[in-house]
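Examining the three-dimensional arrangement
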Amino acid sequence: MASRPLHFIWLADGSGSMRVEGKIQALNHAIREAIPHMRAAAHDNPHAAVFVNAIRFADDAHWMGDKLTPVSEFRWNDIEAAGATAMGEALAMVGEALQPPLMTDRALPPVLALVTDGLPTDDFQAGLNHLLSKPWGRQALRIVVAIGEDSSSNEAQEIFRAFMANDALRPFHANNPEALAEQIRWVSTVVLQSVSSPAGRAHDPASAKTGGGWSTALPLLTGVDATGPDEADVW
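Predicted model, so just to flag it, every value in this text is computed and none were measured.

This part covers the packing of helix α3 (residues 124-132) against helix α5 (residues 154-164). Packing of α3 against α5 leaves a shortest axis separation of 10 Å and a crossing angle of 15°. Viewed along their axes, α3 and α5 adopt a mutual orientation that is roughly parallel. Judged by the twist between their axes, the crossing of α3 over α5 is right-handed. Residue-level inspection shows Phe-124, Leu-128 and Leu-131 of α3 in contact with α5, the latter providing Ile-159, Ala-162 and Phe-163. Residue composition of the contact of α3 with α5, grouped by class: 6 nonpolar, no polar and no charged.

All right, on to the packing of aromatic side chains then. According to the stated counting rule, one finds 2 aromatic pairs in the structure shown. When the centroid spacing of 5.4 Å and the interplanar angle of 85° are considered together, the rings of Phe-172 and Trp-186 count as edge-to-face. One end of the pair, Phe-172, is in strand β6 (residues 172-174); the other, Trp-186, is in helix α6 (residues 177-196), and 14 residues separate them in sequence. As far as burial versus exposure is concerned, Phe-172 and Trp-186 are alike and both buried.

So, about α5. Among the residues making up α5, those that are buried are Ala-156, Gln-157, Ile-159, Phe-160, Phe-163 and Met-164. Angularly, the buried residues of α5 cover 155° about the axis, an arc narrow enough to put them on a single face. Looking at α5, the residues exposed on the side facing more than 90 degrees away from the buried face are Asn-154, Glu-155 and Glu-158. Contact partners of the buried residues in α5: β1 (4-13), α2 (87-97), β4 (111-116), α3 and β5 (141-147). Trailing α5 by a residue or two, Ala-165 shows a phi angle of about 50°, which is positive.

With that settled, the discussion passes to the nonpolar core. Trp-10, Leu-27, Phe-163 and Leu-180 are the most contacted members of the largest nonpolar core, which totals 74 residues. When residues in this core are grouped by element, the largest group, 10 residues, is from helix α1 (residues 23-43).

Applying the stated criterion across every chain, the model contains 4 salt bridges. We note a salt bridge from Arg-32 to Asp-78, for which the minimum N-O separation is 2.5 Å. A residue pair is termed long-range when its members are at least 10 positions apart, and Arg-32 in helix α1 and Asp-78 in the loop between β3 (61-63) and α2 qualify at 46 residues. Residues Arg-185 and Glu-182 are paired through a salt bridge, measuring 2.3 Å at the closest nitrogen-oxygen approach. Taken as a pair, Arg-185 and Glu-182 lie in helix α6 at a separation of 3 residues, close to a single helical turn. Among the residues examined, Arg-185 registers a relative accessible area of 29% and is labelled partly exposed.

Relative to the assigned elements, His-7 resides in strand β1. Here His-7 is in contact with Phe-51, Lys-67, Leu-68, Leu-102, Met-103, Pro-110 and Val-111, once residues within four sequence places are set aside.

This paragraph deals with the environment of Ser-17. Structurally, Ser-17 is set in the loop between β1 and α1. When the C-alpha atoms of Ser-17 and Thr-116 are compared, they prove to be 9.7 Å apart, with 99 residues separating the residues in sequence. Ser-17 has contacts with Lys-23 and Asp-117, leaving out every residue within four places of it along the chain.

All right, on to the sheet that holds β5 then. Strand order in the open sheet made by the 6 strands is β3-β2-β1-β4-β5-β6, with mixed pairing throughout. In this open sheet, the two strands that pair with only one neighbour each are β3 and β6. With direction set aside, neighbouring strand axes in the sheet form an average angle of 20°. With 3 bridges connecting them, β5 and β6 associate as parallel partners. Pairing of Ile-147 across the sheet is with Ala-174, part of β6. Running over the sheet, α1 touches β1, β2 (48-57), β4 and β5 and is turned about 170° from β1. α2 rests against β1, β2, β3 and β4 of the sheet, and its axis sits at about 35° to β3.

It is worth spelling out unusual backbone geometry at this point. Phi is mostly negative for residues that are not glycine, and the peptide bonds are mostly trans. In this chain, Pro-100 is followed by Pro-101 through a cis amide linkage whose omega measures 10°. Here Pro-101 lies in the loop between α2 and β4. Within the chain, Glu-21 stands out as a residue other than glycine whose phi angle is a positive 55°. Examined against the element boundaries, Glu-21 turns out to sit in the loop between β1 and α1. Judged by relative accessible area, which is 52%, Glu-21 ranks as exposed. Despite not being glycine, Ala-165 has its phi angle at roughly 50°, a positive value. Mapped onto the elements of the fold, Ala-165 is located in the loop between α5 and β6.

Rules used throughout
- Residues numbered from 1 in each chain as written.
- Predicted model: local features only at pLDDT ≥ 70, side-chain atom pairs only at ≥ 80, totals over all residues.
- Heavy atoms only, no water.
- Axes fitted to C-alpha atoms, helices over the stretch in contact; angles between N-to-C directions.
- Helix = DSSP H or I, 4+ residues; strand = E, 2+ residues; numbered from the N terminus.
- Parallel < 35°, antiparallel > 145°, perpendicular 65-115°, else oblique.
- Left-handed = near helix turned anticlockwise from the far one by under 90°.
- Contact = heavy atoms within 4.5 Å.
- Nonpolar A, V, L, I, M, F, W, Y, C, P; charged D, E, K, R; others polar.
- Phe/Tyr/Trp six-rings, centres within 6.5 Å; stacked < 30°, edge-to-face > 60°.
- Buried < 20%, exposed > 50% of the residue type's maximum accessible area, 1.4 Å probe, protein only.
- Arc of directions from axis to C-beta.
- Core = buried A, V, L, I, M, F, W, Y, C linked by side-chain atoms within 4.5 Å.
- Salt bridge = Lys/Arg side-chain N within 4 Å of Asp/Glu carboxyl O.
- Pairing = 2+ DSSP bridges.

Laid out in structure tokens, this is it:
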């Protein structure tokens, strides 16, 4: 059987708060180092043709490359941190992209990986509503890698729960560069393997109903404990 397209999209926070204590450098390093692991995971699963892209959001949001970039050709261009946090605009942009011709009837559920250290400064709800108004936006597996202490606030957690909209998931949290690298690598491999495997397929994007195998993949998506007992939080 021919492989089915799977789109993996990073939504990377490039706001000014990411300059603090080297968070943006750690994010750049973590995703750059995760790319070979993503390629290996994709290579090991012939059922899916994996495409990777990213949106950086700060004062505004923009795509960082071509939307049809095979994982074998994807290169991470380091981002700099400055400005506000246009998270809502980033979600709306993804919603616009997750439609034909990019998405086809044979596509697997896309993966949206939000990596952020705080709260949106624009209309997050409007952006989320736009994303969820699209069948493939609703169908997407939406996960969060939360960076630093500020991302643990009740307000931030409410934002993350609204984005994920799945009681089986929780945000993955990182309080230091090592933990961030581990969480990003985990998202890049285990999540990708879960969604791209035959058991993880969904079959009804129009109604956003998932196949029976989807629930069996979700228990895998609980993250890893990347912070040892002797590691002090730095963010």
